[in-house]
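Descriptive structure summary
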Amino acid sequence: MSWFDAGTIDELVTATNFVKTIENRQGINVSSPEEIAYRFGWITLTMFKEAISHYQQSVYGQHLKAMLKEK
């Protein structure tokens, strides 16, 4: 866990760069609301697939598709 005070533009950029670095180096997605909701049973498979269709052409959409294949 990390805490960043993002009260200024410079601090927000620092937090953004940190998240991007973690995602790139570790190959993980720091936060994915749809993935979290699906894993905890807060949304159905149908709802999850609908969310994937909204992001299908993006890297985020590819992440969601890959997560679905893992499950």
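Structure first, text after, so check above.
Everything quoted here is computed from the prediction, not taken from an experiment. (Residues numbered from 1 in each chain as written. Predicted model: local features only at pLDDT ≥ 70, side-chain atom pairs only at ≥ 80, totals over all residues. Heavy atoms only, no water.)

Attention now goes to helix 1 (residues 9–26). Three- or four-residue spacings in an α-helix give side chains the same orientation, since the helix completes a turn every 3.6 residues. Given a rise of 1.5 Å per residue, 18 residues ought to cover 26 Å, and the 26 Å separating the end C-alpha atoms of helix 1 matches this to within 8%. Within two residues after helix 1, G27 carries a phi angle of roughly 65°, on the positive side. (Helix = DSSP H or I, 4+ residues; strand = E, 2+ residues; numbered from the N terminus. Expected span 1.5 Å × (residues − 1).)

With respect to the helices, strands and loops of the structure, E23 is situated in helix 1. In sequence terms E23 and W42 are 19 residues apart; their C-alpha atoms lie 25 Å from each other. Discounting residues that sit within four places of it in the chain, E23 has contacts with I28, N29 and V30. (Contact = heavy atoms within 4.5 Å.)

For helix 4 (residues 59–70), which comprises 12 residues, the first-to-last C-alpha distance of 17 Å matches the rise-based estimate of 16 Å (1.5 Å per residue) to within 8%. Where helix 4 is concerned, the buried positions are Y60, G61, L64 and M67. Down the axis of helix 4, the buried set is contained in an arc of 120°. They therefore lie on one face. Summarising the geometry of helix 4, the exposed residues directed more than 90 degrees from the buried face are V59, K69 and E70. Taken together, the buried residues of helix 4 touch helix 2 (33–39) and helix 3 (45–54). (Buried < 20%, exposed > 50% of the residue type's maximum accessible area, 1.4 Å probe, protein only. Arc of directions from axis to C-beta.)

What follows deals with the nonpolar core. Counting eight residues, the largest nonpolar core consists of A37, Y38, I43, F48, I52, Y60, L64 and M67. Elements that contribute at least two residues to this core include exactly helix 2, helix 3 and helix 4. The greatest single-element share of this core, amounting to three residues, is contributed by helix 4. Leave out the neighbours within four places in its chain, and I52 touches G61, L64, K65 and L68. (Core = buried A, V, L, I, M, F, W, Y, C linked by side-chain atoms within 4.5 Å.)

Attention now goes to the pattern of salt bridges. Summed over all chains, the structure comprises one salt bridge. R39 is paired through a salt bridge with E35; the nearest N and O atoms lie 2.9 Å apart. In this pair, R39 and E35 are both assigned in helix 2, four residues apart and thus about one turn of the helix distant. R39 sits in the partly exposed class, given a relative accessible area of 43%. On the accessibility criterion, E35 (14% relative accessible area) is buried. (Salt bridge = Lys/Arg side-chain N within 4 Å of Asp/Glu carboxyl O.)

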